[in-house]
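A structural walkthrough
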Protein chains: 2
Amino acid sequence: MEKERAIQIDLCSSRKEKPRDDELEFGKTFADHMFVMDYSEAQGWHDARIVPYEPLTMEPSSMVFHYGQSVFEGMKAYLTPEGDAQLFRPERNFKRMNHSNDRLCIPPIDEAFALKALKQLVSLEKEWIPKAMGTSLYIRPFIISTEPFLGVAPSRYYKFMIILSPVGAYYEEGINPIKIAVENDYVRTVKGGTGEAKTGGNYAASLKAQEAAEEGIAQVLWLDGMEKKYIEEVGSMNVFFKIDGKVVTPALNGSILEGVTRDSVIELLKHWEIPVDERKLSIDELYQAHQEGKLEEAFGAGTAAVISPIGQLVWSGHHLDINQGETGAIAKQLYNTLTGIQYGEIIDPFGWIVPIEETDSSSLKATV
Amino acid sequence: MEKERAIQIDLCSSRKEKPRDDELEFGKTFADHMFVMDYSEAQGWHDARIVPYEPLTMEPSSMVFHYGQSVFEGMKAYLTPEGDAQLFRPERNFKRMNHSNDRLCIPPIDEAFALKALKQLVSLEKEWIPKAMGTSLYIRPFIISTEPFLGVAPSRYYKFMIILSPVGAYYEEGINPIKIAVENDYVRTVKGGTGEAKTGGNYAASLKAQEAAEEGIAQVLWLDGMEKKYIEEVGSMNVFFKIDGKVVTPALNGSILEGVTRDSVIELLKHWEIPVDERKLSIDELYQAHQEGKLEEAFGAGTAAVISPIGQLVWSGHHLDINQGETGAIAKQLYNTLTGIQYGEIIDPFGWIVPIEETDSSSLKATV
Ligand SMILES: Cc1ncc(COP(=O)(O)O)c(C=O)c1O
Ligand SMILES: Cc1ncc(COP(=O)(O)O)c(C=O)c1O
């Protein structure tokens, strides 16, 4: 582990031009530097370094191309009104990454060290955090298997990297309800599978359902893989429903991704003393509640969109309008509070914010 | 499609030294050249070329690293006693690749063209087919998504490649029964998932069960993901059982890979008028058959091992010896016939063999 401690820095000679805040596209432009560290059985994780963002040299036989051993995370850095950079619950992402690593037979990372490396990188790239309202710097930590070997077995070599991409506001004109379709044929994962892990294969498996969905469907709502009966989650969000005054979200069951936003939503609701239940929720129960006029709100929760109200749910030919297609009161309050905390506009009573200090990179600049 | 027709050739200046036939390790050494072709929405599949085997340059944001959109195939080139190179049912592999492509939202390849390219490549690399008994040249066609973009959506750019690796005999001292454990916790895939496709995520998902299996377990036997009751397949083989004089193999159900060897085994058994059933087979039925002394043989079937007799099946604490741990008569006959046909030692009444002509590469050499 000690080898990890020193982060070598190799700064680029000239900085790229940054996109204007109103031209930002999700995940297409990348900051000047990235963090990289390598793993080998002999050395463990080693050679931690911040280097210019540049292409990788990969053998055609690199295991990640063939056997999909990869994990990733997604979080954001935000700028406060005072111009300070901050992160939202980043330790949860590195903890989840190790959970994913375990499922995929990838060696664990030192979570505290990864956070330290991330803070250095973001401090160095602070200029890349866009300033306009709702914009942020998207952070993508990921691990890929790099051993040049075609046998089906855990790789003995890996690369851990963190890349950064400035992203625009998810909703151009404020928060807007979306249309979601319940998927009856394709399955994302099943208990005993990889659903709890953030690994590439889950997302590859999900593409076909989206392709098959009708026009105007923003994302699909997955049912459990065993009985195709219980609600799991949306493409890249966990999901919440307000039924008869109570908020309900599917309980973590081994196949649902444990979202950081999901956890924050539950904590906020409890803080506000709004009843919230984590339990099994079948699509039939949801349909019934809608028929009886008791389905009052529905929304997704995830890092990208924060809170995404669901205005219509499509299921087996039924088109269920929810809250007249409008954003509900709880969704709005959650969105405002979460973004308020993330952007440092309201105080954070939960200890969720991790500030980036100028000193996180000053030591590092001195070593160059 | 027309753009595919011309295959550009860039030969390497000097050839690598080949490993000795008795030093071959699976999937670690690669032939001098590889086949590559690119895909873009604007051009379709284009720039087909045979080039020196060399590393790829990949953006850190390449979609394959994040969202696992990849497919692959596995087959072999064999040398006959006359010194001719030949393939075994390669058209089935490219057909299956397109089936995988469809599930993973990857654009289809021209199967006939891919086969033509493969024949050219193998003809050019004929010297890389090892000569010792049971050795062959392993062929790995694969497709990876290459668009530098972090959005969850089908990539708009891909690379199709074929790489070649000389491999030793699977069984050093002839065909040898292995020990297999029934997996009760982890699941490889489920109906509606990606089990029918040869995609990286399935193999990444499978590693954990192998890691958790007891000493001496060669591979795990997967049960269906819904009820964890019905037998599906082994790690990289389909599976057959002889019960009370009849051969049984799980029917293709949407989550089992449709093996080329599986299909060939079924055809051979029918040809020999040995009764063979493709149907649902529960682990309880199998256990019952064993208790009644009716489980006469068990074996896996796949390209790597051809036929792999199963000498012991471990399930929930039971250790079931099969055929006293010896290779059964049917397994032996299938192994001898399949390898006999593949290596050109016995005639092929089924039209399974595709010879590689010297001319497959002569035209190509002329164009250099
Ligand atoms: C499948 C899936 N579920 C849920 C989420 C929400 O998780 P988080 O709130 O940590 O972003 C994501 C996105 O990260 C996801 O990909
Ligand atoms: C999961 C799986 N099942 C079955 C097989 C056997 O297929 P084939 O006979 O085409 O090699 C393989 C190997 O390719 C495999 O990976």
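Residues numbered from 1 in each chain as written. Chains lettered and ligands numbered in written order. Predicted model: local features only at pLDDT ≥ 70, side-chain atom pairs only at ≥ 80, totals over all residues. Heavy atoms only, no water.

1. Some details on the overall build of chain A
Heads up, the rule is: Secondary structure elements follow DSSP: runs of H or I of four or more residues count as helices, runs of E of two or more count as strands, with numbering from the N terminus. Within these notes, the globule rule equals 2.2 Å times the number of residues to the 0.38 power, and the radius of gyration is based on C-alpha atoms. Under the scheme applied here, a residue whose accessible area is under 20% of the maximum for its type counts as buried, over 50% as exposed, and between as partly exposed, the area being computed with a 1.4 Å probe on protein chains only. Residues are treated as being in contact if the distance between any of their heavy atoms lies within 4.5 Å.
Check the secondary structure of chain A and you find 8 helices and 19 strands. The C-alpha atoms of chain A give 21 Å as radius of gyration, which agrees with the globular expectation for 368 residues (21 Å, within 12%). The principal-axis extent of the C-alpha atoms belonging to chain A is close to 65 × 55 × 35 Å. Burial analysis of chain A (368 residues in total) assigns 60% to the buried set. Taking contacts inside chain A between residues at least 6 apart in sequence as the whole, the part at least 24 apart equals 71%.

2. Digging into the site of ligand 2
Residue and element names in this part refer to chain B. Convention followed: The near set for a molecule or strand comprises every residue that places at least one heavy atom within 4 Å of it. Here a polar contact means two N or O atoms within 3.5 Å. Within protein one must be a hydrogen donor candidate and the other an acceptor candidate, and residues neighboring in sequence count only if both atoms are side-chain atoms. Using a 1.4 Å probe, accessible areas were evaluated by the Shrake-Rupley method; residue-level cover was limited to the displayed protein chains. Put plainly, a pocket is an open set of points on a 1 Å grid over the protein atoms alone with protein on both sides within 12 Å along at least five of seven lines, a cavity is a set where a 1.4 Å probe fits but cannot get out, and a lining residue has an atom within 4 Å of a point. Assignment to a cavity or pocket requires that more than half of a molecule's atoms be within 2 Å of the site's grid points. Throughout this entry, Asp, Glu, Lys and Arg are counted as charged residues, while Ala, Val, Leu, Ile, Met, Phe, Trp, Tyr, Cys and Pro are counted as nonpolar. The remaining residues, Gly among them, count as polar.
Neighbouring ligand 2 are 16 residues, the closest being K198, Y203, E233, T261 and T303. Residue E233 places a side-chain N or O atom 2.5 Å away from a nitrogen atom belonging to ligand 2. Within the backbone of V260, a nitrogen or oxygen atom sits 2.8 Å from an oxygen atom of ligand 2. Here ligand 2 loses 96% of its free accessible area of 380 Å² to cover by the protein chains. Put simply, ligand 2 lies in the second largest pocket. Those elements that provide at least two residues to the shell around ligand 2 are α5 (260-271) and β16 (295-302). Here the shell around ligand 2 is built from residues that sort into 5 nonpolar, 7 polar and 4 charged.

3. What about the layout of surface pockets?
Left-over empty space is what a probe sized like a water molecule reveals as it rolls over the atoms. Residue and element names in this part refer to chain B. Note the threshold: Grid points are joined across faces, edges and corners, and a volume is the space filled by probe spheres set on the points.
Its boundaries defined by the atoms lining it, the second largest pocket holds a volume of some 1100 Å³. Mapped by element, the contributors of at least two residues to the lining of the second largest pocket are β8 (136-145), α4 (200-212), β11 (219-223), α5 and β16. For the lining of the second largest pocket, the leading source of residues is α4, giving 5 residues. Among the residues making up the lining of the second largest pocket, the classes are represented as 25 nonpolar, 14 polar and 11 charged.

4. A short note on the site of ligand 1
Residue and element names in this part refer to chain A. In the vicinity of ligand 1 lie 16 residues, with K198, Y203, E233, T261 and T303 positioned nearest. Here R96 contributes a side-chain N or O atom positioned 2.9 Å from an oxygen atom of ligand 1. Between T303 and ligand 1, the recorded distance is 2.6 Å, taken from a side-chain N or O atom to an oxygen atom. Put simply, the parts of the chain that give the shell around ligand 1 at least two residues each are α5 (260-271) and β16 (295-302).

5. Remarks on the pattern of salt bridges
Two side chains of opposite charge can pair, provided their charged atoms sit close to one another. Going by this rule: Each salt bridge in this description consists of a side-chain nitrogen of Lys or Arg and a carboxyl oxygen of Asp or Glu lying within 4 Å of one another.
One pass over the structure, following the stated rule, counts 46 salt bridges over all chains. Among the ionic pairs, R89(A) bridges to E267(A), the shortest N-O distance being 3.6 Å. On the criterion of sequence distance, the pair formed by R89(A) in the loop between β7 (85-88) and α2 (90-103) and E267(A) in helix α5 is long-range, its members being 178 residues apart. Given the relative accessible area of 4%, R89(A) is considered buried. R15(B) is the partner of D32(B) in a salt bridge, and the nearest nitrogen-oxygen pair spans 3.1 Å. Of this pair, D32(B) sits in the loop between β1 (8-9) and β2 (33-40) while R15(B) sits in the loop between β1 and β2, and the two are 17 residues apart along the sequence. Here the salt bridges do not stand alone but share partners, grouping R89(A), R92(A), E258(A), D263(A) and E267(A) into one network.

6. Focus on empty space enclosed by the protein
Evaluation of the coordinates by the stated rule reveals 7 cavities of 30 Å³ or more. Put simply, the largest cavity is a space of about 220 Å³. Elements that contribute at least two residues to the lining of the largest cavity include exactly α4 (200-212) of chain A together with α4 of chain B. Per-element accounting of the lining of the largest cavity gives the leading share, 4 residues, to α4(B). Class assignment of the residues belonging to the lining of the largest cavity gives a composition of 8 nonpolar, 12 polar and 2 charged.

7. A few points about the packing of helix α2 (residues 90-103) of chain B against helix α3 (residues 111-124) of chain B
If you want to describe how two helices pack, look at the angle between their axes and the distance between the axes. All names here are of chain B. How we decide: Angular values range over 0 to 180 degrees, each being the angle between N-to-C directions of two axes fitted as lines to C-alpha atoms, with helices fitted over their stretch in contact. In what follows, roughly perpendicular refers to angles from 65 to 115 degrees, roughly parallel to angles under 35, roughly antiparallel to angles over 145, and oblique to any angle outside these ranges. Two helices cross in a left-handed way if the nearer one is turned anticlockwise from the farther one by less than a right angle. They cross in a right-handed way if the turn is clockwise.
Interhelical geometry of α2 versus α3 gives an angle of 130° and a closest axis separation of 9 Å. As the angle between them shows, α2 and α3 are arranged oblique. The element α2 and its partner α3 pack so that their crossing is right-handed. Judged by residue contacts, P90, F94, K95 and N98 of α2 engage E111, A114, L115 and L118 from α3. Its residues assigned to classes, the contact of α2 with α3 shows 5 nonpolar, 1 polar and 2 charged.

8. Concerning the packing of aromatic side chains
This is how the line gets drawn: Two aromatic rings from Phe, Tyr or Trp, using only the six-membered ring of Trp, form a pair when their centres are within 6.5 Å; if the ring planes differ by under 30 degrees the pair is stacked, by over 60 it is edge-to-face, and anything between is tilted. Whether a charge sits over a ring depends on NZ of Lys or CZ of Arg being within 6 Å of the ring centre and within 35 degrees of the ring normal.
In total, this model carries 31 aromatic pairs over all chains according to the counting rule given. Look at F35(A) and F160(A): their rings are 5.9 Å apart centre to centre, the planes differ by 75°, and that puts the pair in the edge-to-face class. Within this pair, whereas F35(A) is found in strand β2 (residues 33-40), its partner F160(A) is found in strand β9 (residues 157-167), the two being separated by 125 residues in sequence. For the pair F35(A) and F160(A), one class covers both residues: buried. When the ring centre of Y230(A) is taken as origin, the NZ or CZ atom of K280(A), which lies over that ring, is 4.2 Å away. If you follow K28(B) out to its NZ or CZ, it ends over the ring of F149(A), 5.2 Å from the centre.

9. Digging into the domain arrangement of chain A
Residue and element names in this part refer to chain A. Condition: Start and end positions for the domains come from either an automated domain assignment or a database one. Two parts lose some accessible area (1.4 Å probe) when they are put together, and adding that loss for both gives the buried area.
Assigned domains within chain A: domain 1 (8-168) and domain 2 (178-342). Each of domain 1 and domain 2 was reduced to a C-alpha centroid, and the two centroids are 27 Å apart. The three residues of domain 1 that bury the most area against domain 2 are F72, F88 and R96, which together make up 33% of that side's buried surface. At the surface where domain 1 touches domain 2, the tally comes to 4 salt bridges. Two residues, E258 and R92, come together in a salt bridge whose shortest N-O distance is 3.9 Å. Our count for the domain 1 to domain 2 interface comes out at 13 residue pairs in polar contact (both at pLDDT 80 or more). Secondary-structure elements contributing two or more residues to the side of domain 1 that touches domain 2 are β5 (70-72), β6 (75-79), β7 and α2. With 6 residues, α2 is the single largest residue contributor to the side of domain 1 that touches domain 2.

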